[in-house]
Amino acid sequence: MEVRTCGKALSSEAQHGLWPLVRGGLAAIGLAMATVQVAHAWGSEGHQVVALIALAQLTPKAKAEVDRLLAQEPGETLASVSTWADEHRNPTTATWHYVNLPRGNCVYEEQRDCPDGNCVVGAIRRQLQVLDSNASDDKRLSALKYVVHLVGDVHQPLHAGFQDDKGGNKYQLQAFMRGSNLHSVWDSGLIRNLNENSEAMAARLLGKRLAIPVMDWDPVIAAQESCRIVSMVGFYPDRLVGQDYIDRFTPVMERRLVVAGARLAGALNAALK
């Protein structure tokens, strides 16, 4: 390969000396791209839909307290803070967004699956305790942001998936005319394929009937439900995601958003009573 700078070809010796720098730059770019492509549950649209569905089902008292806490950051809404936990993810909180269950066993075991409470189940429980406490308003606002986000996370099936493929992140495929992975398909691909904004989607989904309990729930229930969805025959598609997969699993994705929103409302209503 001939390398040029300012239109002049470099000598082979110069090219040889330059190549380690080029290779290092390419490696850095590749690492940055890999970091960007790590999927976050539901993407911004999905999290906003969950928050909007929950907002419509808050009691007047819970809504007033949510508004009071959010007033610490003027202009913020329940939907706008729904992605805050991803935007402020760090090595300490990274494991709060998911739980790994073994293939063939969707029964949650705390010591095995959530050591020291460092998984989405433990994180939701802790943050709800802070929200339902006499902690300072800034700590309760932080807890509110985590709860809004993490309740959405635990309902994204692949956030209770399997360790061996990093919740579908390592399962490469072609979807919607581009290279992707299964986690990204569920985070955003199926949602964006509907071509609706968050408000329109939330309004449409609010009319859907729920066939599973949403009150007095525990995040363990949602994690085990998610794991069972991931374990369904056909959940892992062939390497090309076709219209048959989209038609089959889009309704599943929509139900998870609806249930997440209803359960989030229930959790907030209970904590902010």
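That block above? That's the structure.
To start, this report covers the structure provided alongside it. The structure presented is a predicted model; accordingly, all values stated were derived computationally and were not measured. (Residues numbered from 1 in each chain as written. Predicted model: local features only at pLDDT ≥ 70, side-chain atom pairs only at ≥ 80, totals over all residues. Heavy atoms only, no water.)

**A few points about the state of the cysteines**
Where two cysteines share a covalent bond between their sulfur atoms, that bond is called a disulfide.
Here's step 1: A complete count under the given rule lists 2 disulfides for this structure.
Here's step 2: Across a sulfur-sulfur distance of 2.1 Å, Cys 106 and Cys 227 are joined as a disulfide pair. The sign of the S-S torsion, about -70°, decides the handedness of the disulfide formed by Cys 106 and Cys 227: left-handed. Placement of the pair is Cys 106 in the loop between α4 (84–87) and α5 (110–113) and Cys 227 in helix α10 (residues 219–230), with a sequence separation of 121 residues.
Here's step 3: By relative accessible area, Cys 227 is classed as buried at 0%.
Here's step 4: Across the disulfide, Cys 114 is cross-linked to Cys 119 (sulfur-sulfur distance 2.2 Å). Taking the torsion about the S-S bond as the criterion, the Cys 114 to Cys 119 disulfide, at about -100°, is left-handed. (Disulfide = S-S within 2.5 Å. Helix = DSSP H or I, 4+ residues; strand = E, 2+ residues; numbered from the N terminus. Buried < 20%, exposed > 50% of the residue type's maximum accessible area, 1.4 Å probe, protein only.)

**Things to note about unusual backbone geometry**
Here's step 1: Within the chain, Asp 116 stands out as a residue other than glycine whose phi angle is a positive 60°.
Here's step 2: The topology assignment puts Asp 116 in the loop between α5 and α6 (120–131).
Here's step 3: Of note, the phi angle at Phe 176 is positive, near 55°, even though the residue is not glycine.
Here's step 4: Within the secondary structure, Phe 176 sits in the loop between β3 (172–175) and β4 (178–181).
Here's step 5: On the accessibility criterion, Phe 176 (30% relative accessible area) is partly exposed.

**Topic: the environment of Val 130**
Here's step 1: Tracing the sequence through the fold places Val 130 in helix α6.
Here's step 2: For the pair Val 130 and Ala 271, spaced 141 residues apart in the sequence, the C-alpha separation amounts to 9.1 Å.
Here's step 3: For Val 130, the contacting residues outside a window of four places in its chain are Ala 135, Lys 139, Arg 140 and Ala 143. (Contact = heavy atoms within 4.5 Å.)

**A short note on the pattern of salt bridges**
Close approach of charged atoms lets side chains of opposite charge pair.
Here's step 1: The full count for this structure, using the stated rule, is 19 salt bridges.
Here's step 2: We note a salt bridge from Lys 145 to Glu 73, for which the minimum N-O separation is 2.9 Å. With Lys 145 in helix α7 (residues 137–155) and Glu 73 in the loop between α3 (60–70) and α4, the pair connects residues that are 72 residues apart, well separated along the chain.
Here's step 3: With a relative accessible area of 5%, Lys 145 lands in the buried category.
Here's step 4: Among the salt bridges present, the one from Arg 256 reaches Glu 225, with a minimum N-O distance of 2.9 Å. Here Arg 256, found in helix α11 (residues 243–271), pairs with Glu 225, found in helix α10; they are 31 residues apart in sequence, far enough to count as distant. The same class applies to Arg 256 and to Glu 225, which are both buried.
Here's step 5: What you see here is one network of salt bridges that share partners, running through Glu 65, Arg 68, Asp 137 and Arg 140. (Salt bridge = Lys/Arg side-chain N within 4 Å of Asp/Glu carboxyl O.)

**Focus on the pairing of β3**
In the case of a regular strand, side chains alternate between the two sheet surfaces.
Here's step 1: Of the two faces of β3, the one holding Leu 173 and Ala 175 is buried and the one holding Gln 172 and Gln 174 is not buried anywhere.
Here's step 2: Sheet analysis places β3 next to β4, joined by 4 bridges and oriented antiparallel. Each residue of the ladder has a partner; that of Gln 172, found in β4, is Asn 181.
Here's step 3: The turn linking β3 back onto β4 is made up of 2 residues, and Phe 176 within it adopts a positive phi angle of 55°. (Pairing = 2+ DSSP bridges.)

**Structural notes on the packing of aromatic side chains**
Here's step 1: If you walk through the whole model with that rule in mind, you get 8 aromatic pairs.
Here's step 2: Summarising the aromatic geometry, the rings of Trp 84 and Tyr 146 are spaced 5.1 Å apart at their centres and angled 80° between planes, so their arrangement reads as edge-to-face. Highlighted residues: Trp 84 in helix α4 and Tyr 146 in helix α7, separated in sequence by 62 residues.
Here's step 3: Under the relative-accessibility criterion, Trp 84 is labelled buried at 17%.
Here's step 4: Ring pairs connect the aromatic residues Tyr 171, Trp 186, Phe 235, Tyr 236, Tyr 245 and Phe 249, which therefore count as one cluster.
Here's step 5: Directly above the ring of Tyr 236 sits Arg 103, whose terminal nitrogen or CZ lies 5.5 Å from the centroid. (Phe/Tyr/Trp six-rings, centres within 6.5 Å; stacked < 30°, edge-to-face > 60°. Lys NZ or Arg CZ within 6 Å of the ring centre and 35° of its normal.)

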